[in-house]
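Working through the structure, step by step
Residue strings, one per chain:
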Amino acid sequence: MNIARNVVGRMQRQCRTGGCSLWHARGMSAVAGAELSNLPQRLEELALPTKRRIEEAKALHPAFYTDASYAQTERERIFGMNWFAAAHVQELSSPGDVRVIEVGKTSIILTRDKNHKLHAFYNSCRHRGARVCSTGATGCKQLVCPYHWWAYRLDGSLKSTPPTAMPKERKEELGLIRVPGLETFAGMIFLNQTPNPPPLRDALGDLPEKLTRYDLDDMQLFKQKKYDIAGDWKLIAENFVDFYHIDAVHPELSRFSRVDDHQPYQGGGQYVGFVTSPLTDCGGPGDKINFNSFPRLRAIESNSALFFHIFPNVSVTIYPHSVYTLLTLPSGAHGRTQEQLTLLMSPEARKNDTSQDEYHERCDALMKFVVNINDEDVDAIENLQQGLSNLEGQGMHGEFIPKYDWPVHRFQNMVLSGLHGHALNEDNMPKLANAFEQKVLSG
Ligand code: FES
Ligand SMILES: [Fe+2]
């Protein structure tokens, strides 16, 4: 291996690896144009109470969070058939940047090639299937499989099969297998594993319009924190949209972000949205006085915090000056989730009278603030997972209070629709008062 490193190191800088997974090949064939079978009868029946209108509905049964065989089906369907968030564009800002993400047992390589184009490939070599990349890297010129040194360009094409030469026509057939869908939205990379997927915009509904004055494509990534959570990925999404827990779980936050200040900001689309407006300054790091707002916001937007969970796996909190996201991917290990918290600042956020050092300190304080809140949430989520595991064999469903739990009900219904390859049926969702939207529209 040392010899390999030296030889290849002399040739060019590159990325290298270990391991092997061909799960994606099976996953894709299971999805591509296949008839979707029902879930096991027991689960189909357990899902029925959640599909009712919220006034009569019950929360998703604990089995949906604890049953290992269901979890595998869910990963293949939810993450195999829907657009999902994979990374921030800023994580691959330069040519030669490479990232590896794991979605359940499927490993995917993200690259930015020398022409600045983004790509996503299954992390399996076309020779014998070895895992090509084990970690992300920067400044890569090529991806070299560690098993026999097949080398791929960052656009996925097969470059060389040392020490032997392969006919050009043959090499052209043996590039890395591409994930069929890759689009960007709000500064994030979304993937879709369905052959010829519909445009991402079809899933987002009116969300792009709601974000039109926020310059999310130009955000500057400040810091990230990674979590390995002993909880199902759905609980993390549900916790984000559950503002009802603020008093109990976040005593400090509750002093200025009151439960009843949260209003719907919901239109049609595969997302859950709400808002707090007006924002209450509290002498904390997120106060408006510390940063400039996005320059094009309407007055009401520059005094509001927006919260969107984009189905299935990314939660986005939008302050007038910054954004933080929680991007989750289910682990290969059942009941565990990898979460990445990212704080991004508006490129205009630094005030003229603030030095670079002061600005950095203010961003650091904001990062600490959101990390503290998230640490509290992680404890709550892990506790919830344990409680649901206690109930696995019972017939008990949780309850909904419509005023507070409409976002959880909406998310759970997106999961149930997504399992059958459908978008959410908006007709079954409550008609929500949307006073904030009216104020935004009236300018
Ligand atoms: S398996 Fe990758 S080069 Fe042989
Ligand atoms: Fe929380």
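Residues numbered from 1 in each chain as written. Chains lettered and ligands numbered in written order. Predicted model: local features only at pLDDT ≥ 70, side-chain atom pairs only at ≥ 80, totals over all residues. Heavy atoms only, no water.

Concerning the pattern of salt bridges
How we decide: When a carboxyl oxygen of Asp or Glu lies within 4 Å of a side-chain nitrogen of Lys or Arg, that pair is called a salt bridge. Per the convention used, a helix needs a DSSP run of H or I reaching at least four residues, while a strand needs a run of E reaching at least two, with both numbered from the N terminus.
If you walk through the whole model with that rule in mind, you get 19 salt bridges. Salt-bridge contacts for Asp-215 lead to Arg-296; the nearest nitrogen and oxygen are separated by 2.7 Å. Of this pair, Asp-215 sits in the loop between helix H8 (207-210) and strand E11 (220-229) while Arg-296 is found in the loop between strand E13 (271-276) and strand E14 (305-310), placing the two residues 81 residues apart along the sequence.

Some details on the sheet that holds strand E17 (residues 337-345)
Going by this rule: The pairing criterion is simple: DSSP has to find at least two bridges between the two strands. Between N-to-C directions, angles cover 0 to 180 degrees, with each direction set by a line fitted to C-alpha atoms, over the stretch in contact for helices.
Taken together, the seven strands give an open sheet; going across it, the order is E11-E17-E16-E15-E14-E13-E12, and neighbouring strands pair in antiparallel fashion. Both outer strands of the open sheet, E11 and strand E12 (262-264), are each paired with one neighbouring strand and no more. Geometrically, the sheet is characterised by an average inter-axis angle of 20° between neighbouring strands, direction not taken into account. In this structure, strand E15 (residues 314-318) lies alongside strand E16 (residues 322-330), joined through five bridges in antiparallel fashion. Counted as the bridge partner of Val-316 is Thr-325 from E16.

Some details on the coordination of the iron ion (ligand 2)
Where we set the bar: Donor atoms (N, O, S) are those found within 2.8 Å of the metal centre, with the cutoff raised to 3.2 Å for Na, K and Ca; water is not part of the atom list, so apparent gaps in a site can occur. Any site counts as irregular unless it has four donors with all angles between 85 and 135 degrees, making it tetrahedral, or four or six donors with opposite ones more than 155 degrees apart and the rest between 65 and 115, making it square planar or octahedral.
At 2.0 to 2.7 Å from the iron ion (ligand 2) lie its protein donor atoms, namely His-245 (NE2), His-250 (NE2), Asp-377 (OD) and Asp-377 (OD). Of note is the iron ion (ligand 2), whose four donor atoms meet at the metal with angles of 53 to 147° in an arrangement that counts as irregular. Read in sequence order, the donor residues for the iron ion (ligand 2) give the motif H-x4-H-x126-D. Linking His-250 in the loop between helix H10 (246-249) and E12 with Asp-377 in helix H11 (residues 356-390), this pair joins segments that are 127 residues apart in sequence.

Looking at the packing of aromatic side chains
Put simply, the rule reads: Here is the rule: rings of Phe, Tyr and Trp (six-membered ring for Trp) pair when centre to centre is within 6.5 Å. Planes less than 30 degrees apart are stacked, more than 60 are edge-to-face, and the remainder are tilted. Between buried and exposed lies partly exposed: a residue is buried under 20% and exposed over 50% of the maximum accessible area for its type, with that area taken using a 1.4 Å probe on protein chains only.
Applying the stated criterion to the full structure yields 18 aromatic pairs. Both rings, one in Tyr-244 and one in Tyr-404, keep their centres 4.6 Å apart while their planes meet at 10°; by these two values the pair is stacked. Of this pair, Tyr-244 sits in the loop between helix H9 (233-241) and H10 while Tyr-404 sits in helix H12 (residues 402-419); the two residues are 160 residues apart in sequence, bridging distant segments of the chain. By relative accessible area, which is 15% here, Tyr-404 ends up buried. Ring-pair connections join several aromatic residues into one group, and the members of that group are Phe-240, Phe-243, Tyr-244, Phe-274, Phe-307 and Tyr-404.

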